[in-house]
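This is what each chain is made of:
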Amino acid sequence: MRKYIYLIICVALLSGCLNNDFLERYPLGDPTAETAFETYDNFKAYAWGLYATFPALGYGTENATDDISYNLTKGNSESNWIKGNVTIPDGQSGTSWSYYSYIRRVNLMLDHIDGSKMSDMEKEHWRSVGYFFRSYRYFSLLSDYGGVPWIDHVLSDDETELIQGPRDSRDVIAQHILENLQYAEKNIKADGDGANTINKACVQALLSRFCLFEGTWRKYHKLDNADIYLKECKRTSRELINSMPDVTDCYDDLFGSLELSGVKGIILYKEYSNAAGVVHATSRTGVTAAAHWNPTRDLVDSYLCSDGKPRWSSGLFQGEEDIYDEFACRDHRLWLHVTPPYRVTRTDPSTAFTSSWEFTGNPKDQSYMDSLRIRVGVSYGSGKERQKTLPFRQGYSGGILGTVPHYSFYTENQAWYVSKLGYNNWKFFNCYLEMGSQQIEETDMPIFRIEEVMLNYAEAMCELNEFDQDIADITINKLRPRANVAPMKVSEINAVFDEKRDKGNTDYPGDYEVNPLLWEIRRERRIELFCENFRFNDLRRWKKCHYALKKKLGQYVRKSDFPNGAAVTIDGGGTEGYLEFHPKPNHLWPDYYYLNPIPRNERVLNPQLEQNPGWEEEK
């Protein structure tokens, strides 16, 4: 009920507070405007509309990384970043440059704080909330463009020099974000304005995220003052971890809960409710006939074995030629990210949507499903109201899929939930809705959670050469027990711990070898935060976007295992090997692709806006 009431209020306020025409034309001196910003409750009502800036649940930029291959059309459906086809946009629509409109909305609130009837402490609180939201979106602008114009109040008609002026430097923007968030950390109400509102922990989580990004960007893009941001990430992350030292026991609860309130480690989340008209369709997008977001071989290879060692060196790894073996003795997050293998006998194979089934008689099929049910909570039948189940349930009054992997070239009379690479993404899948209703999903979405902060802290400490076993134990080793992975032992990680570690790419002058310990910390981040829209920006800040240009391969198969083996495309053209779909790109990652191009129309409106280097040569 609380969730329903909260979202009804938000939707009502959003419909009024986010009217572009109203906000853009609201004169600062209008008596109505002054009246609207008098009391604490006035500011609270206005601020609800600012929450709409948080992203919706979805796959975002994942297909521009090495984790996901978007397999709709061979050679064409991959991200333009990977194909090298990014062009300068004409306008700001669909770009982060459009956040200037949002920043103006925040500034409208900030400009009225001092003239309000609130107490000094109340003014400090709402200034902190405004600084949080403005910093959140300036962080997006900084990440995408580097230096941008800094505007910290609503512009009057005679301030054309700010509208027509040049970009402020990256140093200036980063410093403003840092100072604003530091102010907010000290002055915001510790508990915010109630459950799931911006509070001190949210500010610290954003500080942790921003400072890690900026510190590592500066280090790997050869800019000054990296340590200033890394040390601030260290400070604020440790303080937040001290106040929230534990994570939830069930990883899947973070992504399959109808209500994230009370889930351990959640700092802020986006609430979804069909009653309030705020829903998503992530399961439907990822797992229907349009399930084109296929995890890659490179991603699957990166999951550790349960002894905490890479598949290349672990004695527990059973091989890749049989997919049951490949998934055995692995990090349980693999089973919760990539749909695990199984096979059952559908009692009526003449229809694609049969709901009755029985075990095949092959002990391996049943023992594997039993193992998943016992160890990670994946059950037979319907399970809990939002639990993953095997056999995979598509909807259609309980219709089940007879087998996973389920290949696009061999559908076994069930054309939905197919994969070009043999792997499917089911991280956000939930089985509580029937097909046709899966456009009204209500599972909540984490915005900030303590696991990310732990990973930020681990990485910052490694970059500062201060990572040791004690740090591992309060960060990475908090995450592993719920994934059945042995704790990280820092003393064991050396130059030969992972033979596939990135040792530098000679195609890119100045590319660097990744330290073995840092490699493991980055691996843990990749796995824990899979498909939460961190990977692309991680590759950008590490200056490792060329990972995304590796050939994206899939499961190991044999053509002889399929009646129509001629339709199976194997890497290298052999009779067995890794599935392939898209060809490997035949170009390098351009250095100027690390920043986005400024929209063309913005430079027409403001001729002093210089384009990011490299993009002005675009043909």
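Here is what the cut-offs are and how they apply
Residues numbered from 1 in each chain as written. Predicted model: local features only at pLDDT ≥ 70, side-chain atom pairs only at ≥ 80, totals over all residues. Heavy atoms only, no water. Pairing = 2+ DSSP bridges. Helix = DSSP H or I, 4+ residues; strand = E, 2+ residues; numbered from the N terminus. 1 Å grid on protein atoms, 1.4 Å probe; cavity = no way out; pocket = protein on both sides within 12 Å on 5 of 7 lines; lining within 4 Å. Points joined across faces, edges and corners; volume = space filled by probe spheres on them. Nonpolar A, V, L, I, M, F, W, Y, C, P; charged D, E, K, R; others polar. Contact = heavy atoms within 4.5 Å. Buried < 20%, exposed > 50% of the residue type's maximum accessible area, 1.4 Å probe, protein only. Salt bridge = Lys/Arg side-chain N within 4 Å of Asp/Glu carboxyl O. Core = buried A, V, L, I, M, F, W, Y, C linked by side-chain atoms within 4.5 Å. Axes fitted to C-alpha atoms, helices over the stretch in contact; angles between N-to-C directions. Parallel < 35°, antiparallel > 145°, perpendicular 65-115°, else oblique. Left-handed = near helix turned anticlockwise from the far one by under 90°.

Undergrad: Whenever I open this one, the sheet that holds strand β8 (residues 403-404) confuses me. Can you help?
TA: Sheets are built from strands paired through backbone hydrogen bonds, the pairs being either parallel or antiparallel. Here we have three strands laid out as an open sheet, ordered β5-β4-β8, and antiparallel in their pairing. One side of each edge strand has no neighbouring strand; the edge strands of this open sheet are β5 (357-359) and β8. Direction of pairing for strand β4 (residues 342-346) relative to β8: antiparallel, over a ladder of two bridges. Each residue of the ladder has a partner; that of R343, found in β8, is T403.

Undergrad: In this structure, what is going on with the layout of surface pockets? I would like to understand it.
TA: To locate leftover empty space, one rolls a probe as large as a water molecule over the atoms. Its boundaries defined by the atoms lining it, the largest pocket holds a volume of some 1,400 Å³. Along the walls of the largest pocket sit 48 residues, with T61, R137, S140, N533 and N537 positioned nearest its centre. Going through the elements one at a time, α5 (80-83), α7 (120-145), α10 (200-220), β9 (445-449), α17 (450-463) and α21 (535-542) are the ones with two or more residues in the lining of the largest pocket. For the lining of the largest pocket, the element with the highest residue contribution is α7, accounting for seven residues. Grouping the constituent residues of the lining of the largest pocket by class yields 23 nonpolar, 15 polar and ten charged.

Undergrad: I keep staring at the environment of E451 and nothing clicks. Help me out?
TA: Mapping E451 onto the fold places it in helix α17. Note: C-alpha distance between E451 and E528 (77 residues apart in sequence) is 7.9 Å. Residue contacts for E451: discarding those within four places in its chain leaves V247, T248, L254, G265, L479, R482 and E528.

Undergrad: Just checking my understanding: could you explain the environment of I177 for this structure?
TA: Among the structural elements, I177 can be located in helix α9 (residues 170-187). Under the relative-accessibility criterion, I177 is labelled buried at 0%. Placed 35 residues apart in sequence, I177 and L142 show a C-alpha to C-alpha distance of 9.6 Å.

Undergrad: How should unusual backbone geometry be read in this particular structure?
TA: Across the chain, the bulk of peptide bonds are trans and the bulk of non-glycine residues have phi less than zero. A cis amide bond links V404 with the next residue in sequence, P405, at an omega value of 5 degrees. Tracing the chain through its elements places P405 in the loop between β8 and β9. Located in the positive-phi region is E412, a residue other than glycine, with phi close to 55 degrees. Along the chain, E412 turns up in the loop between β8 and β9.

Undergrad: Where do I start with empty space enclosed by the protein in this structure?
TA: Scanning the entire structure with this criterion turns up two cavities of 30 Å³ or more. The volume enclosed by the largest cavity comes to roughly 60 Å³. Every residue along the wall of the largest cavity is listed here: K44, A47, W48, Y51, W126, V129, D193, T197 and I198. Secondary structure elements with two or more residues in the lining of the largest cavity: α4 (40-48) and α7. Roughly 50 Å³ of volume is contained in the second largest cavity. What lines the second largest cavity is E62, D67, R525, R526, L529, F530, C531, F534, R535, D538 and W542. For the lining of the second largest cavity, the elements supplying multiple residues, two or more each, are α20 (516-528) and α21. Of the residues forming the lining of the second largest cavity, the biggest block, three residues, is contributed by α21.

Undergrad: Could you clarify how one ought to interpret the pattern of salt bridges in this entry?
TA: One side chain can pair with another of opposite charge once the charged atoms of both are near each other. Under the defined criterion, the tally for this structure stands at 51 salt bridges. Between D538 and R541 there is a salt bridge, and its shortest N-O distance comes to 3.0 Å. One end of the pair is D538 and the other is R541, both in helix α21 and three residues apart, which spans about a single turn. Across the pair, exposure class does not vary: D538 and R541 are buried alike. Overlapping salt bridges bring together D331, R333, K427, R449, E451, R480, R482, E524, E528 and E532 as one network.

Undergrad: It is not clear to me how the nonpolar core should be interpreted in this structure. Could you clarify?
TA: As a rule of thumb, soluble globular proteins bury nonpolar side chains together. In terms of nonpolar packing, the biggest core is built from 112 residues, with F133, Y138, I267 and F467 touching the most fellow members. At twelve residues, the largest contribution of residues to this core is made by α10. Every residue in contact with F467, bar those within four places of it in the chain, is listed here: A458, M461, C462, A472, T475, I476, M488, V490, L517 and I521. Ranked by size, the runner-up nonpolar core spans 46 residues in total, among them L254, Y342, V404 and F429.

Undergrad: What's the story with the packing of α7 against α10 in this structure? I'm lost.
TA: In a pair of packed helices, the angle between the axes and the distance between the axes together describe the arrangement. Running from N to C, α7 and α10 cross one another at 20 degrees; their axes reach a closest spacing of 11 Å. It follows that α7 is roughly parallel to α10 by the angle criterion. The two elements α7 and α10 meet at a crossing, and its hand is left-handed. Where α7 approaches α10, its residues F132, Y136, F139, L142 and S143 are matched on the opposing element by C202, V203, L206, R209, F210, F213, E214 and W217. Considered class by class, the residues forming the contact of α7 with α10 number ten nonpolar, one polar and two charged.

Keep in mind that these numbers describe shape and distance, not what the molecule does.
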